[in-house]
Structures are given as C-alpha cells and as structure tokens.
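# Summary of structural features
The lines below spell out each chain.
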Amino acid sequence: MLQKNPSLSISDDAVDSAASRRIVLMLALALIVSLLPLASNLITHFPDERHYSNGAVIMLHTGDYLTPHTAEGDVRLKKPPLTYWMSAAGMKVFGISVLGSRFLWLIAGAATLLITFCLARTITRNDRTALLAASLLATNAVFLRACVNAIPDMPLTMFMLIGMLGFVGLLFRDDHHHVYGILAYAGTGLAILAKGLLPVAMLGYILIYCMAVPALRQRSRRLWQPLTIAACLGIVGIWFIYQSLHTPSMLSADFVADQISDKINVNPDIIAMGLIHSFAGLIGPTFVWLGLLFYGARKAGLRLERDSLNGIAPFFLGWIIAVSIIFSLNSLPSHRYVIPVIPLLCVLLACGFQEVTDPRFEKLVRQVLRIIILFAAIPIAGVFLVGMQLLPLLYVAGLAAGIAGVMTTLWVVNARLKMHGLAASAAVLAMASTLAVTPVAKALLVPDIGKPLAARINTLHLPENQVLFVGPVLDAAKIRLHANFDAQFRQTTVFPPAEIDPGVKVVLSTDKHIADALAQRGFAVEEVTAGWRRIHMQDFISALKTGTLQEARERYGERGYVAIRS
C-alpha cells in the first residue's frame with residue numbers, strides 16, 4: 001500500500017478530518033449549483049442524449065420500463081435500461097424537460113466526487129489526501145462535461161467507482177469485510193445495467209491481477225462472497241433473462257453487436273487513433289497537475305523504481321492502461337471512453353502529491369494557480385464583452401463583479417492554503433467560471449430549436465397523432481423535451497413523396513426546402529427563430545465590432561417551420 005508522507009501527519013497544522021469532509025461536501029454541492037444552469041438548457045448537447053431522453057419519455061407514456069424504444073417505435077437494446085431509468089426518474093419529478101432528463105447526472109457527478117474522496121481515504125487513511133483527490137477530479141474538464149450530458153458515461157463511472165471502492169477494501173483493508181463485498185458486487189452489477197460489459201472486464205482484471213501478484217493471492221479469498229455475488233447476479237440477470245425470453249433476436253443483434261462485434265477492430269491505424277484519444281482524455285485535463293507532480297518528484301529526488309510501486313499504485317495503473325487498450329480497439333474512438341478511470345487517476349495524482357509536497361513545492365503550486373487565475377480572466381472578460389450586447393448591462397456587471405470577487409478571494413486565501421486547499425480552490429475557480437459564463441452562452445445559443453417549435457404546437461392543443469415532424473432525429477428529440485404531449489408524436493427523416501396523411505394537421509421541420517414544399521401543398525407555413533448555434537466566426541466578429549450582435553443573433557439564429565394544414 002502507498003506509504004504516507006510524515007510531513008503530512010495529523011500533527012501538522014492543516015485542515016483536520018472533519019474540516020476536510022465539510023469541504024468535500026461543499027465541493028459536491030457547488031458542483032450541482034454551478035452546473036445546474038448549464039444542464040437546464042441545451043447549451044451543450046451530445047447527440048446520443050436523444051436515445052435516452054426519447055426512450056425515457058416513451059417509458060413514461062407506455063409504462064414499459066424494461067424494454068427501451070426509439071422515437072420511431074423500434075426496440076433498442078444496445079444499452080441496458082438503467083440510464084433510461086435515471087432520465088425517466090428525473091422527468092417524473094421535474095416533468096418532461098431538459099432539466100428532468102439531466103438532473104440525476106448532476107447528482108451522480110456530486111456522488112462521484114464523494115466516492116473518490118472515500119476511495120482515496122480508504123487507501124491512504126488521510127483526509128487531506130482524499131480531499132486533494134476529489135478536488136483534482138472537480139477540476140477535470142472531461143468529468144465536468146460528463147455531469148451535464150445524459151448518456152451512460154456518468155452512471156457507469158459512478159457505479160464502477162463504487163465497485164472499485166469495494167474491491168480495494170476487500171484486497172487492501174482488513175475491516176468491514178461484508179460492507180466492502182456489497183459495494184464491490186452491487187457497484188459492478190449496477191454498472192453493467194448502466195452501459196454493458198466494461199465492469200465485467202474490470203472484474204476479470206482484478207482476478208487476474210490477484211493471481212499474478214503473490215502478495216494478493218491469499219487475500220483474494222476475501223473476494224469470494226457467494227451470497228452477495230448471487231444476489232447481485234440475480235438482480236442484474238433479471239433484465240437479460242427477460243429480454244432473452246421476449247426479444248432474443250434483438251438482444252443478440254443490438255446488445256452483443258454494440259458491446260463486442262461492431263466495436264472491435266484490430267486495424268493498426270484505428271488502434272493508434274484509439275490510444276491517442278485515450279491519452280488525450282487522461283492527460284489533457286490533468287496536464288498541469290502532471291507537470292507539477294513530475295517537477296516535484298524530480299526536486300524531491302524521487303525515482304520511479306520498481307520496488308516503490310507497491311500496493312495500490314500498480315493495481316490502478318494496470319486498470320487504467322487496460323481500459324485504454326480495450327477502447328483502442330473501438331472503431332469509433334473517443335476521449336470520453338476513459339471517463340470511468342479518471343477518478344482513479346486523480347487518486348494516484350493525490351497520492352503522488354502526498355509524497356512530494358513541502359513548503360517550497362506548495363509555493364510553486366500557489367504561483368501556478370495565480371497564473372491560471374490571470375489567464376482565466378482573459379477569456380472570461382471576452383465572454384462578458386459579448387454579454388454586454390445580449391444581456392442587461394447591470395446583469396453583466398453583476399456577473400463580472402461576482403467572478404472577480406471569487407478570483408480575488410482565491411488569490412488572497414491561496415497564500416495560506418496547503419496543497420489540498422490549493423486544489424480545492426482550483427476546483428472552485430473552474431465551477432465559478434462555468435457558472436459565470438453560462439448566462440452569456442445561454443443568451444447567444446439558447447433556446448434550442450426544439451423550444452420555439454414545441455411552444456407553437458403547445459398553443460394549438462392538438463393530439464399527438466395529428467402532428468408530424470420531418471427532419472433530423474436530433475431536432476425531433478429536442479422538440480420532445482419541450483412538448484406537452486401525452487404520447488409520442490410521429491416523426492420521419494424523409495419528406496413524404498406522396499400526400500401527407502389527411503389526419504396530420506401540423507408538420508414541423510427545420511429544413512427550409514421542406515417548408516417550401518409544404519407551402520406548395522397548401523399548408524400555411526410559419527417561421528420560428530432560436531439561438532445562434534451555427535456560428536461563422538467572420539460574421540460573429542463583424543457583429544461584435546459593430547455592436548450588432550443581438551441583430552446578428554436574430555438574423556443567423558436557427559430556423560424552424562410550423563406548417564398548418566389549411
């Protein structure tokens with residue numbers, strides 16, 4: 001197990017355990033508060049979100065919570081149902097809306113911060129190192145982005161982290177045997193229900209690692225908890241058994257293909273690109289911290305010798321490398337696939353900082369963070385210049401004063417903070433900056449095109465079978481998050497070549513050519529405008545210079561069309 005640095009003992013004058021726990025709780029709450037405005041609007045929108053928002057809406061309408069469906073009515077079993085259930089649960093509380101579809105992702109993000117704290121504390125028994133690990137995670141841009149997009153990444157990360165906490169407790173601690181067992185297998189099972197087979201690979205990795213490391217072979221017996229395993233396996237297996245009985249062909253065609261056959265590609269170019277994406281996802285958001293740690297290790301005279309990598313460090317590193325390799329085989333590589341191991345990387349970074357931290361190193365970190373504050377002020381000031389043309393001047397001034405106050409406070413208090421406090425202040429800076437710039441982004445980019453289209457059809461009070469959407473599935477999903485229908489409205493991606501069903505009273509579209517064709521068929525066409533999403537930089541800069549950004553937003557904003565049958 002990692003050894004603790006004597007210079008960070010409890011006797012030092014630093015934040016005590018109770019204070020560290022209070023701070024990490026405040027960080028978790030701050031994450032929810034700072035990202036709530038961003039999550040409540042489609043300022044950012046990941047394309048795959050439509051699968052889970054559409055599927056959740058259908059579950060609420062039909063009452064079938066076991067079999068996810070697409071908006072077109074097809075069964076979709078590429079992913080298990082837990083992600084759909086999370087979105088449906090949020091909509092049950094907040095209504096069918098953007099906030100409803102995403103709210104539990106904010107809760108999952110905050111919970112992941114707290115679980116990271118618990119994992120680091122389990123390893124080091126040091127609350128300050130645990131706070132440092134959670135703070136490093138709260139500064140990670142890939143993690144923060146995952147907190148506001150309703151796709152399986154965040155629930156998968158949270159539940160796999162719970163499972164890893166349990167396995168670490170079983171293998172590296174002597175207490176709470178049964179509690180760690182429940183965490184290990186319940187977390188792994190729920191992670192499987194969230195996205196699929198990666199948690200199974202984690203379990204296989206843990207077993208192989210235990211067999212390969214002599215020091216863990218004896219302790220690996222603690223992994224065998226038949227009652228817990230049977231209970232968790234039964235809970236997870238129910239859904240797969242149900243689908244194998246009701247839709248066996250779809251389970252094979254969708255789930256197996258999505259998890260294995262359609263994703264694995266041994267092309268060297270694809271593998272290289274996948275490794276680059278994994279490297280970018282792991283190293284990019286932590287580049288500054290890794291650089292500081294490397295510098296501190298060299299100054300402290302530490303060497304990465306084989307016998308120094310005992311206990312948990314190679315265990316985590318091996319799994320991080322394994323995940324990178326697994327997803328390098330994916331024919332559609334992405335940096336976000338490594339999200340489940342980012343908390344582990346933050347724990348390792350925190351443990352590394354524990355070994356190199358001294359007053360001189362903390363002074364260096366303090367200077368780096370002050371440089372970051374200065375550099376962060378530049379783009380934030382640019383955002384507020386944009387906001388001055390889109391929002392009331394006093395409102396923008398209030399936002400500017402607020403973020404300036406946060407930056408000034410952090411600048412001053414950093415002089416008295418230790419390493420864990422400095423990382424926490426960096427997390428506060430990241431979240432406060434997001435909170436400050438979101439209103440300006442909203443004023444430029446929002447509403448999404450679905451909102452004005454839904455607002456128009458909501459005023460018509462038509463049953464869903466009299467409404468047809470023609471166009472991209474992403475736009476249809478946006479309308480569905482704002483429309484007050486008791487069931488699915490019809491949609492198609494292709495304009496009907498023949499006469500439209502006489503029962504259809506309204507046709508919605510985001511394509512001007514389709515709107516013109518509908519006008520030729522006798523429909524009365526109305527145009528609605530949304531935020532400026534497809535920004536051409538030359539037009540943007542020109543409008544900014546001439547002070548006509550509001551006019552440009554109206555001119556270049558997304559267009560939607562409501563065609564009403566005469």
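We now turn to the structure provided with this report. (Residues numbered from 1 in each chain as written. Predicted model: local features only at pLDDT ≥ 70, side-chain atom pairs only at ≥ 80, totals over all residues. Heavy atoms only, no water.)

All right, on to the environment of Ile326 then. Among the structural elements, Ile326 can be located in helix 15 (residues 312-328). Taking relative accessible area as the criterion, Ile326 reaches 34% and is therefore assigned partly exposed. Taking the C-alpha atoms as reference points, Ile326 and Ile271, 55 residues apart in sequence, are found 9.5 Å from one another. Once residues within four sequence positions are removed from consideration, Ile326 is found in contact with Leu198 and Ala201. (Helix = DSSP H or I, 4+ residues; strand = E, 2+ residues; numbered from the N terminus. Buried < 20%, exposed > 50% of the residue type's maximum accessible area, 1.4 Å probe, protein only. Contact = heavy atoms within 4.5 Å.)

A few words now on the packing of aromatic side chains. Following the criterion strictly, the structure yields 17 aromatic pairs and no others. Ring geometry for Tyr52 against Tyr84: centres 4.9 Å apart, planes inclined by 55°, an arrangement best described as tilted. Residue Tyr52 is located in helix 2 (residues 49-62), and its partner Tyr84 is located in helix 3 (residues 82-94); the two are separated by 32 residues in the primary sequence. For the residue pair Tyr52 and Tyr84, the accessibility class agrees, reading buried in each case. One aromatic cluster is present, built from ring pairs that chain together Phe172, Tyr205, Tyr209, Phe315, Phe316 and Trp319. Stacked on the ring of Phe489, the Lys or Arg Arg480 has its end atom at 4.2 Å from the ring centre. (Phe/Tyr/Trp six-rings, centres within 6.5 Å; stacked < 30°, edge-to-face > 60°. Lys NZ or Arg CZ within 6 Å of the ring centre and 35° of its normal.)

The next thing to look at is the nonpolar core. In this structure, Trp289, Phe315, Phe316, Trp319 and Phe353 are the most contacted members of the largest nonpolar core, which totals 135 residues. The element contributing the most residues to this core is helix 19 (residues 419-445), with 14 residues. The contacts of Phe316, once residues within four sequence positions are left out, are Leu119, Ile123, Met164, Val168, Leu344, Val347 and Leu348. (Core = buried A, V, L, I, M, F, W, Y, C linked by side-chain atoms within 4.5 Å.)

What follows covers the pattern of salt bridges. Following the criterion strictly, the structure yields 17 salt bridges and no others. Taking the shortest distance from any N to any O, the salt bridge between Asp127 and Arg21 comes out at 3.4 Å. Here Asp127, found in helix 5 (residues 127-138), pairs with Arg21, found in helix 1 (residues 17-39); they are 106 residues apart in sequence, far enough to count as distant. Here Asp48 ties to Arg336 by a salt bridge, and the two come within 3.9 Å at their closest N and O atoms. With Asp48 in the loop between helix 1 and helix 2 and Arg336 in the loop between helix 15 and helix 16 (342-356), the pair connects residues that are 288 residues apart, well separated along the chain. Look at Asp48 and you get partly exposed, because its relative accessible area is 28%. Within the structure, one salt-bridge network assembled from shared partners comprises Asp48, Asp153, Lys195 and Arg336. (Salt bridge = Lys/Arg side-chain N within 4 Å of Asp/Glu carboxyl O.)

Take helix 4 (residues 98-124) next. Over its 27 residues, helix 4 extends 40 Å from the first C-alpha to the last, a length consistent with the 39 Å expected when each residue adds 1.5 Å. In terms of burial, helix 4 is a largely internal element, 20 of the 27 residues being buried. Capping the start of helix 4, Ser97 holds a side-chain oxygen 3.0 Å from the backbone nitrogen of Gly100, two or three residues further along. (Expected span 1.5 Å × (residues − 1). Polar contact = N/O pair within 3.5 Å; in protein donor to acceptor, adjacent residues only side chain to side chain.)

A word on the environment of Ala39. Mapped onto the elements of the fold, Ala39 is located in helix 1. Assessed through its relative accessible area of 1%, Ala39 is described here as buried. Leave out the neighbours within four places in its chain, and Ala39 touches Val98, Leu99, Arg102, Leu106 and Val148.

If you trace the 5 strands from one edge of the open sheet to the other, you get 2-1-3-5-4, paired in mixed fashion. What marks the edges here is a single partner per strand, and that holds for strand 2 (490-492) and strand 4 (523-529). Direction aside, the axes of adjacent strands within the sheet are offset by 20° on average. Taken together, the 7 bridges between strand 4 and strand 5 (residues 559-565) define a ladder with antiparallel strand orientation. Bridged to Thr529 within strand 5 is Arg559. Running over the sheet, helix 20 (residues 450-460) touches strand 3 (506-509), strand 4 and strand 5 and is turned about 20° from strand 5. Across the sheet, helix 22 (residues 512-520) is in contact with strand 1 (467-470), strand 3, strand 4 and strand 5; its angle to strand 4 comes to roughly 155°. (Pairing = 2+ DSSP bridges. Axes fitted to C-alpha atoms, helices over the stretch in contact; angles between N-to-C directions.)

Running from amino to carboxyl end, helix 4 crosses helix 7 (residues 153-172) at an angle of 20°, the nearest separation of the two axes being 9 Å. Taken as axis vectors, helix 4 and helix 7 run roughly parallel relative to one another. Between helix 4 and helix 7 lies a crossing of left-handed hand. When helix 4 is examined against helix 7, the residues Trp105, Ala108, Gly109, Ala111, Thr112, Ile115, Thr116, Cys118, Leu119, Thr122 and Ile123 are found in contact with a partner set consisting of Met154, Pro155, Thr157, Met158, Leu161, Ile162, Met164, Leu165 and Val168. (Parallel < 35°, antiparallel > 145°, perpendicular 65-115°, else oblique. Left-handed = near helix turned anticlockwise from the far one by under 90°.)

This part is about the side chain of Ser334. On the secondary structure map, Ser334 appears in the loop between helix 15 and helix 16. Looking at Ser334, its side chain comes within polar contact range of the main-chain nitrogen of Arg336, at 3.2 Å.

Residues Val506 and Leu508 of strand 3 are buried on one face, and the alternating residues Val507 and Ser509, pointing to the opposite face, are buried as well. Alignment of strand 1 against strand 3, held across 4 bridges, turns out to be parallel. Directly across from Leu468, in strand 3, lies its bridge partner Val507. Where strand 3 lies against strand 5, 4 bridges are found, and the strand directions are antiparallel. When the bridges of strand 5 are listed, Val507 appears paired with Ala563.

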